[in-house]
Amino acid sequence: MQLWQFVPKDLFSAIIRCLALEANAVTSADLVGLCREIFIYMCDRDPGPRQVPLSLLCINPQDLLAFEDALTKTASLNEEK
């Protein structure tokens, strides 16, 4: 498996799951930043970044569009924090 194959689905999925853990509250801004970078750079090359959120029971296609819109509008990590 190549790194470009691992990042869009497996790593992105792991980061999303880490955001749900209360123990990661201190590093959540960093995790959100990683999610943003993976999603923005990989969603045009691989379906994984779009498939991961849709695999969650609480996310529907409209939520994914809002998520994608919010990620592309956020200009920097400082805005996320």
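Everything quoted here is computed from the prediction, not taken from an experiment.

K.L.:
Looking at this structure, how should I read the packing of helix α3 (residues 48-55) against helix α4 (residues 61-73)?
P.N.:
Helix packing for two helices is described by the angle between their axes and how far apart those axes are. Taken N-terminus to C-terminus, the directions of α3 and α4 make an angle of 130°; their axes are 10 Å apart at the nearest point. Relative to α4, α3 is oriented oblique. In this structure, α3 crosses over α4, and the sense of that crossing is right-handed. Between α3 and α4, the contacting residues are R50, P53 and L54 on the first element and P61, L64, F67 and E68 on the second.

K.L.:
Would you mind showing me how to read α3 here?
P.N.:
For an α-helix, 3.6 residues make a turn, and residues three or four places apart therefore share a direction. Listing the buried residues of α3 in full gives G48, P49, V52 and P53. Taken end-on, α3 shows its buried residues confined to a sector of 130°, consistent with a single buried face.

K.L.:
What's the story with α4 in this structure? I'm lost.
P.N.:
Under the 1.5 Å per step criterion, the end-to-end length of α4 is 18 Å for 13 residues, consistent within 8% with the ideal 18 Å. Within α4, burial applies to L64, E68 and L71. Each buried residue of α4 sits inside an arc of 65° when the element is viewed along its axis, so together they form one side. In α4, the exposed positions angled more than 90 degrees off the buried face are occupied by Q62, L65 and K73. Of the surrounding elements, those touching the buried residues of α4 are α2 (28-42) and α3. Between a side-chain oxygen at the N-terminus of α4 and the backbone nitrogen of Q62 the separation is 2.9 Å; the capping residue is N60.

K.L.:
Explain the confidence of the model for the protein to me, please; I cannot follow it from the model alone.
P.N.:
Should pLDDT be low for a region, the predicted coordinates there are not to be read in detail. When the pLDDT values of the protein are averaged, the result is 79; 86% of them are 70 or greater. At the level of individual helices and strands, the protein shows its lowest average pLDDT in helix α5 (residues 77-80), which scores 54, and its highest in α2, which scores 85.

Here is what the cut-offs are and how they apply
- Every chain is numbered on its own, with residues counted from 1 as its sequence reads.
- Note on the predicted model: pLDDT of at least 70 is required for a residue's local features to be given, and 80 or more for side-chain atom pairs to be given and counted; whole-chain, interface and lining totals, by contrast, use all residues.
- Just so you know, side-chain values use all the structure's heavy atoms and leave hydrogens and water out.
- Under this scheme, a helix contributes an axis fitted over its contacting stretch, all axes are lines through C-alpha atoms, and angles between N-to-C directions fall in the 0 to 180 degree range.
- Secondary structure counts use DSSP, requiring at least four H or I residues in a row for a helix and at least two E residues in a row for a strand, with both numbered from the N terminus.
- Orientation is classified from the angle alone, with under 35 degrees giving roughly parallel, over 145 giving roughly antiparallel, 65 to 115 giving roughly perpendicular, and any other angle giving oblique.
- In this scheme, a crossing is called left-handed if the near helix is turned counterclockwise away from the far one by less than a right angle; it is called right-handed if the turn is clockwise.
- A contact between two residues is defined here by any heavy atoms of the two lying within 4.5 Å.
- Only protein chains enter the accessibility calculation, which uses a 1.4 Å probe; a residue whose area is less than 20% of its type maximum is buried, one above 50% is exposed, and one in between is partly exposed.
- In this description, one arc is meant: the one made by directions from the helix axis to the C-beta atoms.
- Any helix carries an expected span of 1.5 Å times its number of residues minus one.
- Polar contacts here mean pairs of N or O atoms no more than 3.5 Å apart (in protein, one a potential hydrogen donor and the other a potential acceptor; neighbouring residues in sequence count only if both atoms are side-chain atoms).
- The predictor reports its confidence for every residue as pLDDT, a score running from 0 up to 100.

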